[in-house]
Structure formats: structure tokens, C-alpha cells
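Letter by letter, the chains look like this.
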Amino acid sequence: MAGLNNAYYFNLDVAADRLLFQDQTEIINFIQNRGERQNKMYLFVDEAQRIGNPGLFFKGIYDTE
């Protein structure tokens, strides 16, 4: 995972990044711990197809925030 201000890039071919995306709660905690709730945060996820049903996975995160 690489970060620059409020933009973060994840490559799910990388084991450490893939571990973070095994559970929606982990990503929600990541976002909340960055304190960006008042500002926009951008997550770029390469190889998102490695997540089971990525559309529902990311929709659940978006709907929570």
C-alpha cells in the first residue's frame, strides 16, 4: 500500500494488501483511522477481481461511510 495525502493505492497481487481486503471491517477501520471523514479519500485498488464479489464488497464499504 502506498499513500499520498488522501489517495491510497493497493495492489491485491501483494499479499499484505490482499490481507487488508479480506474483510470490509478492515477497510472501514483503515478509512476511519486516517481521519478523512470530512474530506474525500481516494482508494485505488488494482486487481480488485481477487476479492470475492468485489461489487458488493465495495458497495458495502461505500454505504457504511
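Everything numeric here is computed off the predicted structure, so don't read it as measured data. (Residues numbered from 1 in each chain as written. Predicted model: local features only at pLDDT ≥ 70, side-chain atom pairs only at ≥ 80, totals over all residues. Heavy atoms only, no water.)

(A) Structural detail: the packing of helix H2 (residues 24–33) against helix H3 (residues 54–64). Two elements in contact, H2 and H3, have axes whose closest approach is 10 Å; the angle formed by their N-to-C orientations is 40°. Taken together, the axes of H2 and H3 are oblique relative to one another. You can see that H2 and H3 cross each other, and the crossing is right-handed. Contact residues: Gln-24, Ile-27, Ile-28 and Ile-31 in H2; Leu-56, Phe-57, Gly-60, Ile-61 and Thr-64 in H3. Classifying every residue of the contact of H2 with H3 gives six nonpolar, three polar and no charged. (Axes fitted to C-alpha atoms, helices over the stretch in contact; angles between N-to-C directions. Helix = DSSP H or I, 4+ residues; strand = E, 2+ residues; numbered from the N terminus. Parallel < 35°, antiparallel > 145°, perpendicular 65-115°, else oblique. Left-handed = near helix turned anticlockwise from the far one by under 90°. Contact = heavy atoms within 4.5 Å. Nonpolar A, V, L, I, M, F, W, Y, C, P; charged D, E, K, R; others polar.)

(B) How the structure looks around a nonpolar patch on the surface. On the surface, Tyr-9, Tyr-42 and Phe-44 cluster together into a nonpolar patch covering about 310 Å² of accessible area. You can see Phe-44 is positioned in strand S3 (residues 42–46). (Patch = residues over 30% accessible without salt bridge, like charges linked within 9 Å, V, L, I, M, F, W, Y side chains within 5 Å. Areas by Shrake-Rupley, 256 points an atom, 1.4 Å probe, with all protein chains shown as cover. Salt bridge = Lys/Arg side-chain N within 4 Å of Asp/Glu carboxyl O.)

(C) Geometry of the environment of Ile-28. Relative to the helices and strands, Ile-28 is located in helix H2. Spatially, the C-alpha atom of Ile-28 lies 7.9 Å from that of Thr-64, the residues being 36 residues apart in sequence.

(D) Highlighting the environment of Gly-60. Within the element layout of this structure, Gly-60 appears in helix H3. Classification of Gly-60 by relative accessible area gives partly exposed; the value is 24%. Measuring from C-alpha to C-alpha, the distance between Gly-60 and Gln-24 comes to 7.4 Å, with 36 residues separating the pair along the chain. (Buried < 20%, exposed > 50% of the residue type's maximum accessible area, 1.4 Å probe, protein only.)

(E) Up close: the pattern of salt bridges. Here the structure, examined in full by the defined rule, presents two salt bridges. Between Arg-50 and Asp-13 there is a salt bridge; the shortest N-O distance is 2.5 Å. Of this pair, Arg-50 sits in the loop between S3 and H3 while Asp-13 sits in the loop between strand S2 (7–11) and helix H1 (15–20), and the two are 37 residues apart along the sequence. Where Lys-59 meets Asp-63, a salt bridge forms, and the shortest distance between an N and an O atom there is 2.6 Å. Within this pair, Lys-59 and its partner Asp-63 are both found in helix H3, separated by four residues, close to a single helical turn. Of the residues examined, Asp-63 reaches a relative accessible area of 49% and is grouped as partly exposed.

(F) How the structure looks around the environment of Ala-7. Tracing the chain through its elements places Ala-7 in strand S2. Of the residues examined, Ala-7 reaches a relative accessible area of 25% and is grouped as partly exposed. Each C-alpha atom, one on Ala-7 and one on Tyr-42, is 4.6 Å from the other, the two residues being 35 residues apart in sequence.

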